[in-house]
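Survey of secondary and tertiary structure
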Amino acid sequence: MRVGVLGRCWQVECAMECVSSPFILSIDEPPSSFFQDHRLKPILKISQTQSLSTTWAWRIPSLLQAAPSIWCFTILLFIPESPRWLISRRRHVEAREVLALANAHGDIDSPPVTVQFKEIEDTIRFERERESSVVKALLHPSNRKRMLIVATFPIMVMLPGTNIVQFYFGEMMSSAGITDPTTQLQINIILTSFTLVVAVAASWFADKTGRKKLCASSLTGGTIALFVLAGLTAVYGTRGNKSGIYGTIAMIFIYNATHAWGITPLTVLYPPEVLSFDIRAVGMGIYTLVTKLCGLFVAMVIPFGMEAIGWKVYIVNGSVDVLMVFFVLFVWVETRGLTLEEVDRVFDGVKHSDVPDLEAVKVGVGKDVEVIDGTTVTQQQVEVGTKEEY
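Residues numbered from 1 in each chain as written. Predicted model: local features only at pLDDT ≥ 70, side-chain atom pairs only at ≥ 80, totals over all residues. Heavy atoms only, no water.

Structural notes on the overall build of the protein chain
Counting its regular elements, the protein chain contains 19 helices and 2 strands. A burial count over the protein chain gives 45% of its 390 residues as buried. Taking as baseline every contact in the protein chain between residues at least 6 positions apart, the subset at least 24 positions apart corresponds to 77%. Carbon and sulfur atoms form 65% of the exposed surface of the protein chain, whose accessible area is close to 19700 Å². (Helix = DSSP H or I, 4+ residues; strand = E, 2+ residues; numbered from the N terminus. Buried < 20%, exposed > 50% of the residue type's maximum accessible area, 1.4 Å probe, protein only. Contact = heavy atoms within 4.5 Å. Areas by Shrake-Rupley, 256 points an atom, 1.4 Å probe, with all protein chains shown as cover.)

Below you can see the structure in the form of structure tokens.
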């Protein structure tokens, strides 16, 4: 009974986190990798409690996982509200202050702040005038493509193979010939620590390459690792060959590295970037729903597959990953270097504001922007790069 109640509370917390966090992150869009630390701490504690014969062997690691949530809640109290939400509620002064903190070191009169404020204000006004309801907004052709991308991205996050490594690591190790629980736990600790380091490094370099290239390369690397992992497990899984076992472990590390480097930062970056303000809440709700459904699939289907066909599951998973790569290359749009309002140009063919692009103003192209009453800028032509340049 207690476990059931705690489970329900955890599910509600995760759902709220998945929907709300990307909104806050989209203010200045810092990539996230700290959930890897959330996984590392309980694993480290398990290594110290596995020898306990009481129920505290699992209670201590479970309680330990509350620490990151408390930490995040405390930090959340000091994070400002989304400037787009503030502008939609006509709280303009607060919105300019937040934009100034994110783009101009607190200077609310700087050109970047003025330009982005006007850009957001114009876009929200356009969306209000174009549709009168969320349903009508979702029926717009460009928004249907946005929703297609957002609804399918959780499949790439949850089902490329990463959850097989996370949830069925013991079975993978046993298939590779490593059956000692202590050895499995030690490898798991090292693997999670390694993944954390890769994820943190990736968070610093996520904006160095385009979103499509980052996701496609991550999926491609993971696919290759899964195929090699399947071959090594098939050949050396029951032979006790040390070289084969080490090679299998190496492939698991390589797979986790490819996922942490590309997919992990994009989980909170890409969905809010492709969704316009009028459908962002609904879109993130659908994103969360599909994510949970994929988790249910992993929990209810993968165990039967592992039991029935063993290492062949990696072949099936890798083959599906190939389809994911083609989907990213031919359906995704590039959003790197664009504000959330400038992304409209990619989907609609036009930006719904006549102000210069923010990046152009930051690098000095828009130095002659005229500020009127602190909120309005004059219309001017600014030459921007093509989509391929981002």
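What follows picks up the thread again.
Things to note about the confidence of the model for the protein chain
For the protein chain, per-residue confidence averages 79 on the pLDDT scale, and residues scoring 70 or more make up 78% of the total. Per-element confidence in the protein chain is highest for helix H17 (residues 312-331), whose mean pLDDT is 94, and lowest for strand E2 (residues 376-377), whose mean pLDDT is 42. Taken as a whole, residues 1-16 scores under 50 in pLDDT and shows 6 contacts with residues more than four places along the chain or in a different chain. With pLDDT under 50 throughout, residues 369-390 is counted as low confidence; its partners more than four residues away or in other chains account for 38 contacts. (pLDDT = per-residue confidence, 0-100.)

A few points about the packing of helix H3 (residues 56-64) against helix H4 (residues 66-76)
Running from N to C, H3 and H4 cross one another at 15 degrees; their axes reach a closest spacing of 5 Å. Here H3 lies roughly parallel to H4, going by the angle between them. Counted together, Ser62, Leu63 and Leu64 of H3 and Ala66, Ala67 and Pro68 of H4 form the full contact between these two elements. Here the contact of H3 with H4 is built from residues that sort into 5 nonpolar, 1 polar and no charged. (Axes fitted to C-alpha atoms, helices over the stretch in contact; angles between N-to-C directions. Parallel < 35°, antiparallel > 145°, perpendicular 65-115°, else oblique. Nonpolar A, V, L, I, M, F, W, Y, C, P; charged D, E, K, R; others polar.)

Considerations on the environment of Phe153
Tracing the sequence through the fold places Phe153 in helix H9 (residues 141-158). What makes Phe153 buried here is its relative accessible area of 0%. The residues touching Phe153, leaving out its near neighbours within four places in the chain, are Leu266, Thr267, Pro271, Tyr287 and Trp332.

Quick notes on the packing of aromatic side chains
Here the structure, examined in full by the defined rule, presents 7 aromatic pairs. With centroids separated by 5.4 Å and ring planes inclined at 45 degrees, the aromatic side chains of Phe194 and Phe253 adopt a geometry described as tilted. Of this pair, Phe194 sits in helix H12 (residues 181-205) while Phe253 is found in helix H14 (residues 242-274), placing the two residues 59 residues apart along the sequence. Take Phe194: its relative accessible area is 32%, and that puts it in the partly exposed class. Judged by centre distance (6.1 Å) and plane angle (25 degrees), the ring pair of Phe205 and Trp261 falls under stacked. Residue Phe205 is found in helix H12, and its partner Trp261 is found in helix H14; the two are separated by 56 residues along the sequence. Note on Phe205: relative accessible area 44%, which makes it partly exposed. Taken together, Phe153, Tyr270, Tyr287 and Trp332 form an aromatic cluster joined through their ring pairs. (Phe/Tyr/Trp six-rings, centres within 6.5 Å; stacked < 30°, edge-to-face > 60°.)

What about the pattern of salt bridges?
Scanning the entire structure with this criterion turns up 12 salt bridges. The partner of Glu94 in a salt bridge is Arg91, with the nearest N and O atoms 2.9 Å apart. With relative accessibility at 34%, the residue Glu94 sits in the partly exposed group. Between Arg211 and Glu273 there is a salt bridge, and its shortest N-O distance comes to 2.7 Å. Here Arg211 is found in helix H13 (residues 211-236), whereas its partner Glu273 is found in helix H14, with 62 residues between them in sequence. Here Arg211 and Glu273 have matching classes, each one buried. (Salt bridge = Lys/Arg side-chain N within 4 Å of Asp/Glu carboxyl O.)

Observations regarding the environment of Arg211
Relative accessible area serves as the criterion here: at 2%, Arg211 is assigned to the buried category. On a C-alpha basis, the gap between Arg211 and Val328 in space is 9.5 Å, while along the polypeptide they are 117 residues apart. At a separation of 2.8 Å, a polar atom in the side chain of Arg211 contacts the side chain of Asp207. Separated by 2.7 Å, the side chains of Arg211 and Glu273 make a polar contact. (Polar contact = N/O pair within 3.5 Å; in protein donor to acceptor, adjacent residues only side chain to side chain.)

With respect to helix H15 (residues 280-300)
Under the 1.5 Å per step criterion, the end-to-end length of H15 is 30 Å for 21 residues, consistent within 8% with the ideal 30 Å. Listing the buried residues of H15 in full gives Arg280, Gly283, Met284, Tyr287, Thr288, Val290, Thr291, Cys294 and Val298. Looking straight down H15, one finds that the buried residues subtend no more than 165 degrees of arc, so they occupy a single side. Opposite the buried face of H15, at more than 90 degrees from it, the exposed residues are Leu289, Leu296 and Met300. (Expected span 1.5 Å × (residues − 1). Arc of directions from axis to C-beta.)

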